[in-house]
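Inside the fold
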Amino acid sequence: MSTEKIEELFDQAYDMAHTPAKVALLEEAARLADSQHDEYWSFAARMEIVEAGAFGGMHDKALVAFSWCLAAYDKQPEEYDEESIMWRYKWILDHMPAYPQVSKSQIVGMQDDMTLRLLQLDCSPRPAEYFRWSNLMRMGELKQAEESHARWQELPDDWLSDCTACEAEKTAELMIRLGRDEKAMEAAEPIVQRKIGCAEIPHRTYCTILRPLMRMGKLEEASVFEAKGYRMIARNPEFLGSIAEQFIFLARTRSFRKGLPRMEKHLPWAISTTDIDARMHFYDGCALLLEALVAHSGNEQRKLRLPKELPCYREEEPYHLPELAAWFRSEAEGYAEQFNDRNGNDYCTQWMQENRELAEIDSA
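Described in the following lines is the structure provided in the data block. (Residues numbered from 1 in each chain as written. Predicted model: local features only at pLDDT ≥ 70, side-chain atom pairs only at ≥ 80, totals over all residues. Heavy atoms only, no water.)

**Quick word on empty space enclosed by the protein**
It is the rolling of a water-molecule-sized probe over the atoms that shows where space remains empty. To keep things clear, this is the line we draw: Residues are said to line a cavity or pocket when one of their atoms sits within 4 Å of a point; the points come from a 1 Å grid over protein atoms alone, cavities being sets where a 1.4 Å probe fits but cannot get out and pockets being open sets with protein on both sides within 12 Å along at least five of seven lines. Grid points are joined across faces, edges and corners, and a volume is the space filled by probe spheres set on the points. The numbering of helices and of strands both runs from the N terminus, where a helix is a DSSP run of H or I of at least 4 residues and a strand a run of E of at least 2. Any residue that is not Ala, Val, Leu, Ile, Met, Phe, Trp, Tyr, Cys, Pro, Asp, Glu, Lys or Arg is counted as polar, Gly included; the first ten are nonpolar and the last four charged.
One pass over the full model with this rule turns up one cavity of 30 Å³ or more. Volume-wise, the largest cavity comes out at about 60 Å³. Considering the residues around the largest cavity, the lining is formed by Ala54, His59, Ala62, Leu63, Trp91, Ile92, His95, Met96 and Tyr99. Taken together, the elements giving at least two residues each to the lining of the largest cavity come down to helix H4 (59-75) and helix H5 (82-95). Broken down by class, the residue content of the lining of the largest cavity amounts to seven nonpolar, two polar and no charged.

So, in structure tokens, the structure goes:
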């Protein structure tokens, strides 16, 4: 068998968005290349899977493919491009905490491995420290994250550092989690003013800053960013977690005419994603919307267009909203327990309790 079929699969995948269909084509290309013992195409296909998976919400696919590529690179580093490998290493590190089955020791181990590789390449360890504090932040180790952030600020930039916009966005997120809303808005200001940006910024930022704006009572300002943000993220499953942040604001403002259609539209993403962190937050947002709706309207029955893949799907009859909200709440809390077990704290539970308070929903 020649490489003609492999090249044909690459051509089909080339102009496609980062979707499961694209990854399926690339996986078939990798399978064919493996069967021919063609290391060039086996490597090339998996490198493309890493990119499509990282930016299309299929991070588990990206992680498996990257592990293969990293092993191949370590065996014959002279055969492969170290810059491409190290950039993909960053994407992988950024998403590892989204899987509760990935242990803290595995995450720390990969961060340490990246630090060592950067030093061996005579590069600044700044990128590895960046993901160290980002991952500590997401796992609820806020004091350690703040200390790592301080160390990161002292390290020099080089070609592997994230762009200024991404660094500002993540710094704003850390300040939010530390409860320093003014500092968060200060970090986000260059993004909000459109002085800096990239492929995913200000998309994420317009959703990220909803939380501090709500906490400061600036709902009208938050409404402007919510509308801008949704237009930028509505078609990309990679932003599922950002849509979940918007659900908190929509529940708070009782904007059900926006929130419920979005819930219906994006639930297929939440069901199919392998990003457990994003699914947890999305389900939590769905529960908040439904709980707010019942509290606001008093109505407990409503027809909804939910995907058949949802375990609590019903064919014709209207949904009992408190029951549906309880299903989403139970799912979200189940995931939170998994993350709490992995992280060794109750940070996810605390975060969801704050979401409830922000949405101004009385605790049961």
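**So, helix H16 (residues 276-297)**
Residues spaced three or four apart along an α-helix point in a common direction, a consequence of the helix completing one turn every 3.6 residues. What counts is decided by this rule: One fewer than the residue count of a helix, multiplied by 1.5 Å, yields its expected span. Only protein chains enter the accessibility calculation, which uses a 1.4 Å probe. A residue is then buried if its area is under 20% of the maximum for its type, exposed if over 50%, and partly exposed in between. Each polar contact in these results corresponds to two N or O atoms within 3.5 Å; when the atoms are within protein, one needs to be able to donate a hydrogen and the other to accept it, and residues that are neighboring in sequence are counted only if both atoms are side-chain atoms.
Between its terminal C-alpha atoms H16 stretches 31 Å, which fits the 32 Å expected from 22 residues at 1.5 Å a residue. Most of H16 sits out of view: 19 of its 22 residues are buried. Taking the backbone nitrogen of aspartate 277 as reference, a side-chain oxygen 3.2 Å away marks aspartate 275 as the first, capping residue of H16. At the C-terminal side of H16, glycine 298 shows a positive phi close to 80°.

**Some thoughts on helix H1 (residues 4-14)**
Quick reminder of the rule: Arc definition: it is the arc formed by the directions from the helix axis to the C-beta atoms. The contact criterion used is simple: two residues touch if any of their non-hydrogen atoms lie within 4.5 Å.
For H1, every residue scored as buried is listed here: Ile6, Leu9, Phe10 and Ala13. Each buried residue of H1 sits inside an arc of 100° when the element is viewed along its axis, so together they form one side. Set apart from the buried face of H1 by more than 90 degrees, the exposed residues are Glu4, Asp11 and Tyr14. Turning to H1, the residues buried within the fold contact helix H2 (20-35) and helix H3 (39-55).

**A look at the packing of aromatic side chains**
Basically, it comes down to this: Here a pair means two rings of Phe, Tyr or Trp (six-membered ring of Trp) with centres within 6.5 Å. Their orientation is stacked below 30 degrees between planes, edge-to-face above 60, and tilted elsewhere. Only Lys NZ and Arg CZ are tested; either one counts as a charge over a ring when it is within 6 Å of the ring centre and within 35 degrees of the ring normal.
All told, the structure shown has 15 aromatic pairs when counted by the stated rule. Ring geometry for tyrosine 130 versus tryptophan 152: centroids 5.7 Å apart, planes at 35°, classification tilted. Of this pair, tyrosine 130 sits in helix H7 (residues 126-138) while tryptophan 152 sits in helix H8 (residues 142-154); the two residues are 22 residues apart in sequence, bridging distant segments of the chain. Given a relative accessible area of 5%, tryptophan 152 falls into the buried group. Chaining the aromatic ring pairs together yields one cluster made of Tyr130, Phe131, Trp133 and Trp152. One cation-aromatic arrangement involves arginine 46 over tryptophan 68; the distance from NZ or CZ to the ring centre is 4.2 Å.

**Quick word on the environment of leucine 142**
Among the secondary structure elements, leucine 142 is positioned in helix H8. Under the relative-accessibility criterion, leucine 142 is labelled buried at 17%. Other than its neighbours up to four places away in sequence, leucine 142 contacts Met137, Arg177, Leu178 and Tyr347.

**A few points about the layout of surface pockets**
What the second largest pocket holds in volume is close to 200 Å³. Along the walls of the second largest pocket sit 14 residues, with Pro20, Gly56, Gly57, Met58 and Ser272 positioned nearest its centre. Contributing elements (two or more residues each) for the lining of the second largest pocket: H2, H4 and helix H15 (256-272). It is H2 that contributes the most residues to the lining of the second largest pocket, four residues altogether. Among the residues forming the lining of the second largest pocket, the class breakdown is six nonpolar, five polar and three charged.

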